[in-house]
Amino acid sequence: MRRSLWKVIVAINLCGLLTTIQAADIAVNGFASIVGGMTLDKDDTYLVDPSSGATYDDNFSLQPESIIGLQLDVDLTNDVKFTTQMLARGGNDFDTTLEWAYLTYHFTPNFSGQIGRMRTPFFFYSNALDIGLSYPWIRPPMDVYWPNVTSFDAAKLNYATTFDTWDVSINLFSGTSNFPINQGAFANSGATVDNPVMAGMSLELNRDWLSLRGSFTHVEINLRNIPVSQPDNSVISVDLSNQARYYNLFSKIDYNNVLLMAEGILLTYDNKSFNLNTEVDWYVTSGYRFGKILPHFTISKRREDDDVHAATRKITSETFGVRWDLLPAAALKFEYTHTDEENTLSDNATEILSAAVDFVF
Amino acid sequence: MTLFARNLIQSTLLSLLIIGNSLAATVVVVSPSVSAPLSDMDVKQLFLGKTKTFSDGMPAIPVNQKIGSKPREHLLRNLLNITENQYRSYWTRRLFTGAGVPPKEVDSDQQVIKLIEENPDIVGYIDAENVTNTVKVVLTIE
């Protein structure tokens, strides 16, 4: 009842806004996740929202990961569509941001172009990042899905077709982004990552129980206002430029009751410099469906090799979780994650418990 | 149980199933002005949002019946070969990844017919008993 009332109010407001557009069709849909979690040891924190930098600590909190969003799909003409997503993240104190706002033009039924703000297509789950209902976990594995640059202003070409029983989709994209770095020691430092070029392509293949994806992205990086501690303990602010190449591979088997997924990235930089190290990150997830209940297990690893200092940083995590599909539009999830971060100087283990309700409306 | 009795029971059950099906046959309907044929695969692709046109390139707009209705159950189970839950999660994922909006839903066979009368791009499905002369049957879902 309240849900439909909310829909009506939003729809009326939108109609007011859009009177100038002869909109044939407007679809308004919403999604939300109520997520709570905590680390099990005092002084341990764990990053759960890369874009806001929000972390859990040893006090149970609903703030860092809870999220509510509203999506609008407007058919302007038969060939032109406008899509926008407004999002309020707990990690951002529920400030509303415009995550998506793009136009899609269909040159032919199979060939389309998009322009505007959209998700950076780094991963298989990039487009679905905030839609908890679309994946088994509470959050995609942080050892792989750690990049804080989650959207960009871009142009994209998409060709989608069907070969026999395979759905094939090819994307070419190029765009720019500029984000504050909120993670860890950089929080509130004024540090930003400016990417004047993020260009690449992705190929996705799907048939009923099998999905495969590969992508490549070339990224130009300008880091600004990066705080660097000096030997005398003073902190200076530096700017750094670099170029990165980013490769992604994904596969999923969803056959009868068995779910198997694996995704990996390789990230290399042209110049070996401060904090920008070659990385290989991956996860493997397995699960088995008992009706509406899906228990799953994930092992993930993030490995950075700092050639300049001949050092290696390794994070290894195991996640045990269960997803229960209460309704087609709602799922309840519980998760336990054990993560171990190892570098030349220290070895620190953290345990995280979290629970979530994901739903769409 | 003798082999004969078992066969008899099996064949009785089988014929009951066939009768059950034929009583509630669902047909895919379009406007009589549509000349392109529609195969099982075409209909499947339309209701999964993977195509937006008839085989001759003319626009095609699929319309669903409401959740739980007999024609919808038939379409999902016998033609798309997926469950209601799978169908809805499929569309949830598509919708929120920007891949497309699910087909509109209407409440009755009569509403499907009315939509086709108003818009020749509409592709719907209804109980075979409710077919009128304003729509054309292109496929019978066995």
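Draft legend 1. Geometry of the overall build of chain A. The helix and strand tally for chain A stands at one helix and 18 strands. Computed over its C-alpha atoms, the radius of gyration of chain A comes to 21 Å, within 12% of the 21 Å expected for a compact globule of 361 residues. Along the longest, intermediate and shortest principal axes, the C-alpha atoms of chain A span 65 × 45 × 45 Å. Put simply, of all contacts in chain A between residues at least 6 apart along the chain, 54% involve residues at least 24 apart. Counting only carbon and sulfur atoms, one obtains 59% of the accessible surface of chain A, whose full area is about 17,300 Å². Distance between charge centres in chain A, computed from 25 positive and 43 negative side chains, equals 5 Å.

Draft legend 2. Up close: the pairing of strand S1 (residues 25-39) of chain A. Residue and element names in this part refer to chain A. For S1, a buried count of 11 out of 15 residues is recorded, marking the element as mostly surrounded by other parts of the structure. In terms of strand pairing, S1 meets strand S18 (residues 347-360) through nine bridges, oriented antiparallel. For Gly 36, the partnering residue across the bridge sits in S18 and is Ala 355.

Draft legend 3. Main features of the confidence of the model for chain B. Residue and element names in this part refer to chain B. Here chain B shows a mean pLDDT of 84. Residues at 70 or above account for 84%. Of all helices and strands in chain B, the one with the weakest mean pLDDT is helix H1 (residues 3-23) (51), whereas strand S2 (residues 61-65) scores best (94). Note on residues 15-22: pLDDT under 50 across the span, and one contact to partners over four residues away in sequence or across chains. Per the prediction output, this complex has pTM 0.81; the corresponding ipTM is 0.76.

Draft legend 4. Spotlight on the sheet that holds strand S1 (residues 26-30) of chain B. Residue and element names in this part refer to chain B. The strand order across the open sheet built from five strands is S3-S2-S4-S1-S5, with neighbouring strands paired in mixed fashion. Strand pairing shows two members of the sheet lacking a second neighbour, strand S3 (104-106) and strand S5 (136-141), which therefore form its edges. Looking at each pair of strands side by side, their axes are set apart by 35 degrees on average, direction ignored. Strand direction decides the pairing type here: S1 and strand S4 (residues 122-127), joined by four bridges, are antiparallel. Note on S4: the bridge partner recorded for Val 27 is Ile 126.

Draft legend 5. Region of interest: helix H4 (residues 84-96) of chain B. Residues and elements named next belong to chain B. Along its 13 residues, H4 runs 18 Å from first to last C-alpha, staying within 8% of the 18 Å computed at 1.5 Å per residue. Listing the buried residues of H4 in full gives Tyr 87, Trp 91, Thr 92, Arg 94, Leu 95 and Phe 96. Gly 98 occupies a position one or two residues after H4 and carries a positive phi of about 80 degrees.

Draft legend 6. Up close: empty space enclosed by the protein. All names here are of chain A. On inspection of all chains with the given rule, the structure shows three cavities of 30 Å³ or more. Reported here for the largest cavity is a volume of approximately 390 Å³. Along the walls of the largest cavity sit 30 residues, with Val 48, Asp 49, Arg 89, Leu 129 and Asp 130 positioned nearest its centre. The set of elements that each furnish at least two residues to the lining of the largest cavity consists of S1 and strand S2 (46-49). Each residue belonging to the lining of the largest cavity can be placed in one class, and the counts come to 16 nonpolar, seven polar and seven charged.

Draft legend 7. The arrangement of the packing of aromatic side chains in detail. Residues and elements named next belong to chain A. Following the criterion strictly, the structure yields 24 aromatic pairs over all chains and no others. With 5.3 Å between their ring centres and 70 degrees between their planes, Trp 209 and Tyr 255 make a pair best called edge-to-face. Taken together, the positions of Trp 209 in the loop between strand S10 (192-207) and strand S11 (210-229) and Tyr 255 in strand S12 (residues 235-255) put the pair 46 residues apart, joining distant regions of the chain. Between the aromatic rings of Phe 297 and Phe 320, the centroid separation amounts to 4.8 Å while the plane-to-plane angle is 35 degrees, which identifies the pairing as tilted. Within this pair, whereas Phe 297 is found in strand S15 (residues 293-306), its partner Phe 320 is found in strand S16 (residues 311-327), the two being separated by 23 residues in sequence.

Draft legend 8. Fine view of the pairing of S2 of chain B. Residue and element names in this part refer to chain B. Burial of S2 is extensive: four of the five residues sit out of reach of the surface. The sheet contact formed by S2 and S4 spans two bridges and is parallel. By the bridge assignment for S4, Pro 62 is matched with Val 123. In this sheet, S3 lies alongside S2 in parallel orientation, the contact comprising three bridges. When the bridges of S3 are listed, Val 63 appears paired with Lys 104.

Draft legend 9. The arrangement of helix H5 (residues 109-118) of chain B in detail. Residues and elements named next belong to chain B. Taken as a whole, H5 has its buried residues at Asp 109, Val 112, Ile 113 and Ile 116. Seen along its axis, H5 keeps its buried residues to an arc of 95 degrees; they face one direction. Turned more than 90 degrees from where H5 packs its buried face, Lys 114 and Glu 118 sit exposed. Looking at the packing, one finds that the buried side of H5 touches S1, S2, helix H3 (70-80), S3 and S4.

How each quantity is defined
- Residues numbered from 1 in each chain as written.
- Chains lettered and ligands numbered in written order.
- Predicted model: local features only at pLDDT ≥ 70, side-chain atom pairs only at ≥ 80, totals over all residues.
- Heavy atoms only, no water.
- Helix = DSSP H or I, 4+ residues; strand = E, 2+ residues; numbered from the N terminus.
- Rg over C-alpha atoms; globule rule 2.2 N^0.38 Å.
- Contact = heavy atoms within 4.5 Å.
- Areas by Shrake-Rupley, 256 points an atom, 1.4 Å probe, with all protein chains shown as cover.
- Lys, Arg positive; Asp, Glu negative; His and termini not counted.
- Charge placed at Lys NZ, Arg CZ, Asp CG, Glu CD.
- Buried < 20%, exposed > 50% of the residue type's maximum accessible area, 1.4 Å probe, protein only.
- Pairing = 2+ DSSP bridges.
- pLDDT = per-residue confidence, 0-100.
- Axes fitted to C-alpha atoms, helices over the stretch in contact; angles between N-to-C directions.
- Expected span 1.5 Å × (residues − 1).
- 1 Å grid on protein atoms, 1.4 Å probe; cavity = no way out; pocket = protein on both sides within 12 Å on 5 of 7 lines; lining within 4 Å.
- Points joined across faces, edges and corners; volume = space filled by probe spheres on them.
- Nonpolar A, V, L, I, M, F, W, Y, C, P; charged D, E, K, R; others polar.
- Phe/Tyr/Trp six-rings, centres within 6.5 Å; stacked < 30°, edge-to-face > 60°.
- Arc of directions from axis to C-beta.

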